[in-house]
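Structural features, examined
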Amino acid sequence: MSLPAAMDSQHGVMIHYRDKGIFIFGEPGVGKSSLALELIHHGAELIADDVVDFTLENDQLIAHCPKLLSGLLHTRELGLIDIRKVCGEASWDASTIADLCIELKQVHHPQACVATPTDQKVILGKPLVVLTLSVENPASFKTRIDSWLTMQTIHKDSHEKMQLWQIDKMAF
C-alpha cells in the first residue's frame, strides 16, 4: 500500500452531515466532539475524532480517519464512545470529501454585519469556508448549522453569492 503524495493531519473532528463533509476545529475542550455527537444523533456520520488525515485525490480534499481511531469518539463528559455501538453502524464512515469548516470559540463577538461573517481555512492548498460559532450563543449549534447549510444550498453552495444576496437585500 502506498501513501498519498500529500497528506496533512489536523486536530479536530470530521463529520458528514446533510451531504457535506464538515471539519470542526477549535481549542482543546471547546466542545468539538460533543457537537459531533449531537449531530450524529441527528443523522450525521462520524469520520474521525481528534485527528483527521487529509489527502488530495482527483483534485478533491478528502478527510480520512486514522485506522487506530476507527469509529471512536471521545468527549470529556462521557469518555471514549464506540459510535457504531451507541448510534448504529451507519453512524461512521472511513472518509468523506471535505466541503466546509466550523470553528468553535469560547467567546466570539463578530462585528454586526448584514452578510454572514466567514473566514477560510486552507488545507493542502484547498480553501474551505469557515463558519465561526460561539459556544456561548443560546441558540443550539444544530439550529445555527442547519440554517447555515440551508443558506448555502439556497445559494447553490456559493458563499460569495449568499453574501452578495444578503448585502443586496439591505441596500436601500
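Scope of this entry: the structure provided in the associated data block. (Residues numbered from 1 in each chain as written. Predicted model: local features only at pLDDT ≥ 70, side-chain atom pairs only at ≥ 80, totals over all residues. Heavy atoms only, no water.)

1. A word on the packing of helix 1 (residues 32–40) against helix 3 (residues 141–154)
Packed helices, taken two at a time, are described by the angle between their axes plus the distance between the axes. Helix 3 packs onto helix 1 with a crossing angle of 70° between their chain directions and a minimal axis gap of 10 Å. By the angle class used here, helix 1 and helix 3 are roughly perpendicular. Listed contacts from helix 3 to Leu35, Glu38 and Leu39 of helix 1 are Phe141, Lys142 and Ile145. Residues that form the contact of helix 1 with helix 3 fall into these classes: four nonpolar, no polar and two charged. (Axes fitted to C-alpha atoms, helices over the stretch in contact; angles between N-to-C directions. Helix = DSSP H or I, 4+ residues; strand = E, 2+ residues; numbered from the N terminus. Parallel < 35°, antiparallel > 145°, perpendicular 65-115°, else oblique. Contact = heavy atoms within 4.5 Å. Nonpolar A, V, L, I, M, F, W, Y, C, P; charged D, E, K, R; others polar.)

2. Brief notes about the nonpolar core
If you look at the biggest cluster of nonpolar residues, it comprises 43 residues, and the most contacted ones within it are Ile15, Phe54 and Ile145. Every element with two or more residues in this core is listed here: strand 1 (7–17), strand 2 (20–26), helix 1, strand 3 (45–57), strand 4 (60–64), strand 8 (100–105), strand 10 (126–134) and helix 3. The residues contacting phenylalanine 54, other than those within four sequence positions of it, are Ala6, Met7, Asp8, Gln10, Met14, Phe23, Leu61, Ile62, Ala63, Ala98, Ile123 and Leu124. (Core = buried A, V, L, I, M, F, W, Y, C linked by side-chain atoms within 4.5 Å. Buried < 20%, exposed > 50% of the residue type's maximum accessible area, 1.4 Å probe, protein only.)

3. Quick word on the environment of leucine 149
For leucine 149, the location among the structural elements is in helix 3. When the C-alpha positions of leucine 149 and tyrosine 17 are compared, they lie 9.4 Å apart, and in sequence the two are 132 residues distant.

4. Side note on the pattern of salt bridges
Counting across every chain of the model gives four salt bridges. Across the pair lysine 126 and aspartate 59 runs a salt bridge whose closest N-O atoms are separated by 2.8 Å. Taken together, the residues lysine 126 in strand 10 and aspartate 59 in the loop between strand 3 and strand 4 connect sequence positions 67 residues apart. Under the relative-accessibility criterion, aspartate 59 is labelled exposed at 60%. (Salt bridge = Lys/Arg side-chain N within 4 Å of Asp/Glu carboxyl O.)

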